[in-house]
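Coordinate analysis (summary)
Read off the chains here:
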Amino acid sequence: MSSETILQVQGLKKYFPIKKGILKRTVGWIRAVDDISFSVAESQTLGLVGESGCGKTTTGRCILRLYEPTAGAIRYRLDDRLEDIVGFDHGEMRRVRQKMQIIFQDPFSSLDPRMTVHDIIAEPLRINRIGRRAQQSERVEELLDMVGLNAAQMNRYPHEFSGGQRQRIGIARALALNPEVIVCDEPVSALDVSVQAQVLNLLMDLQERLNLAYLFIAHDLSVVEYISRRVVVMYLGKIVEIADATDLYESPRHPYTEALLGAIPIPDPLAKRVRKPLSGTVPSAANPPSGCNFRTRCPYAQELCALEEPPLTEIAGGRSVACHFADELDLTGFSRGEMKDLPVYSTPLENGA
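Note that the structure is predicted; figures quoted are calculated from it, not measured.

1. What to know about the environment of Arg 95
- Relative to the elements of secondary structure, Arg 95 occurs in helix α2 (residues 90-97).
- Between the C-alpha atom of Arg 95 and that of Ile 30, which follows or precedes it by 65 residues, the distance is 31 Å.
- Within the structure, the side chain of Arg 95 is placed 2.9 Å from the side chain of Asp 79, a separation counted as a polar contact.

2. Considering the sheet that holds strand β7 (residues 181-185)
- What the eight strands build is an open sheet, ordered β6-β7-β8-β3-β9-β10-β12-β11; its pairing is mixed. Each edge of the sheet is formed by a strand with only one pairing partner; in this case those strands are β6 (100-103) and β11 (313-315). Between one strand axis and the next, the sheet turns through 25° on average, direction left out of account.
- Direction of pairing for strand β3 (residues 45-49) relative to strand β8 (residues 213-218): parallel, over a ladder of five bridges. Looking at the pairing, Leu 46 lines up with Leu 215 of β8.
- Lying on the sheet, helix α1 (residues 56-63) is in contact with β3, β6, β7, β8 and β9 (230-235); it crosses β8 at an angle near 150°.
- The sheet strands contacting helix α6 (residues 193-210) are β3, β6 and β8, and the helix crosses β8 at an angle near 160°.

3. Side note on the pattern of salt bridges
- This structure, assessed with the given rule, holds 17 salt bridges.
- The salt bridge partner of Glu 241 is Arg 319, with a shortest N-O separation of 2.6 Å. Here Glu 241, found in strand β10 (residues 238-244), pairs with Arg 319, found in strand β12 (residues 319-321); they are 78 residues apart in sequence, far enough to count as distant. Considered together, Glu 241 and Arg 319 belong to a single accessibility category, that of buried residues.
- Among the salt bridges present, the one from Arg 253 reaches Asp 327, with a minimum N-O distance of 3.0 Å. Taken together, the residues Arg 253 in the loop between α8 (245-250) and α9 (255-262) and Asp 327 in the loop between β12 and α11 (336-339) connect sequence positions 74 residues apart.
- Several salt bridges share partner residues, and in doing so they unite Glu 4, Glu 42 and Arg 77 into one network.

4. So, the sheet that holds strand β1 (residues 5-20)
- Taken together, the four strands give an open sheet; going across it, the order is β2-β1-β4-β5, and neighbouring strands pair in antiparallel fashion. The sheet terminates laterally at β2 (25-41) and β5 (81-84), the two strands that pair on one side only. Ignoring strand direction, the axes of neighbouring strands in this sheet form an average angle of 25°.
- With five bridges joining them, β1 and strand β4 (residues 71-78) adopt antiparallel strand pairing. Counted as the bridge partner of Val 9 is Ile 74 from β4.
- Helix-sheet contacts for α1 involve β1, β2 and β4, and the interaxial angle to β1 is about 115°.

5. Focus: the packing of aromatic side chains
- This structure, assessed with the given rule, holds four aromatic pairs.
- Aromatic pair Tyr 235 and Phe 294: ring centres 5.1 Å apart, planes at 80°, arrangement edge-to-face. Of this pair, Tyr 235 sits in strand β9 while Phe 294 is found in the loop between α9 and α10 (303-307), placing the two residues 59 residues apart along the sequence.
- For Tyr 235, a relative accessible area of 1% translates into the label buried.
- On the numbers, 5.4 Å between centres and 65° between planes, the contact of Tyr 256 with Phe 294 is edge-to-face. Residue Tyr 256 is found in helix α9, and its partner Phe 294 is found in the loop between α9 and α10; the two are separated by 38 residues along the sequence. For the pair formed by Tyr 256 and Phe 294, the shared burial category is buried.
- Following the ring pairs from residue to residue traces out a cluster consisting of Tyr 235, Tyr 256 and Phe 294.
- The cationic tip of Lys 14 hangs over the ring face of Phe 16; the distance from NZ or CZ to the ring centre is 5.0 Å.

Rules used in this analysis
Residues numbered from 1 in each chain as written. Predicted model: local features only at pLDDT ≥ 70, side-chain atom pairs only at ≥ 80, totals over all residues. Heavy atoms only, no water. Helix = DSSP H or I, 4+ residues; strand = E, 2+ residues; numbered from the N terminus. Polar contact = N/O pair within 3.5 Å; in protein donor to acceptor, adjacent residues only side chain to side chain. Pairing = 2+ DSSP bridges. Axes fitted to C-alpha atoms, helices over the stretch in contact; angles between N-to-C directions. Contact = heavy atoms within 4.5 Å. Salt bridge = Lys/Arg side-chain N within 4 Å of Asp/Glu carboxyl O. Buried < 20%, exposed > 50% of the residue type's maximum accessible area, 1.4 Å probe, protein only. Phe/Tyr/Trp six-rings, centres within 6.5 Å; stacked < 30°, edge-to-face > 60°. Lys NZ or Arg CZ within 6 Å of the ring centre and 35° of its normal.

Coordinates in, geometry out; function isn't part of it.
Set out below in structure tokens:
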């Protein structure tokens, strides 16, 4: 697979205003995404993980400009060079959105219940005026077959399908314009475990066949380890660690990453494992702590952590970490012995669940 960068995010910020009073004056800001940078390589998967509310979904939607960024650059490869799409107008973004698509988290609310499957999948083709109706129908049949559904089902409505089948329809819609990058916004979190296996294998198969790059947003770390080559860990709007998936799981360098790995369940009631639960709750993104955002819950916090914000610093092994004491801490990872007991995603795709 190529390692050439196809998408680059630099200094991305997204602040939402807090309005109060009769006049709805802005009295503060929610820092949903606060100065993050990363890149996605061609034909590869970058995992983006963190607990709910850390800014993962907001990041994905800013990349597609479904949310307008407050600041920062989003560079996408057009005509063999990276161009900042933040300043693009509607016409220029239409061209970009043919190459960047999204798979939404909820397969039940992301499909219009009043439209048939044919119209849902053909809508991107119709909007971009690609082909006549007969050609669009042929493309819909091709896409349904590609995601493991029967073309004879194209005139049915979403309520006639299971959750896994609906997510396959969403994947087919995302593929309609032959994109190069797909933002997968927790695409399996709303599905049953056995169906998750099928959808994950489908995504990996499509990536290999179509040379797709994924930004895979999730909170299930076993899923992220299975599908991602590199992983970005977010906490309270900031990136705390970036590393290759294997390195991150076996030897985390940030205390928050250690806590996330410690929360992965082991499907063995007799297994004995020392956990290090975090104290307290996640601070408000409207009023984050001074210094390190994680210091109020970190078991290793020291005085320096309250005084200075640790920068995201590149260290040995091609990884980056935002911790003052990354070189001093001896953190616990998630061993391969434990990982082998997690669900193996090898369920066949043929049944189209």
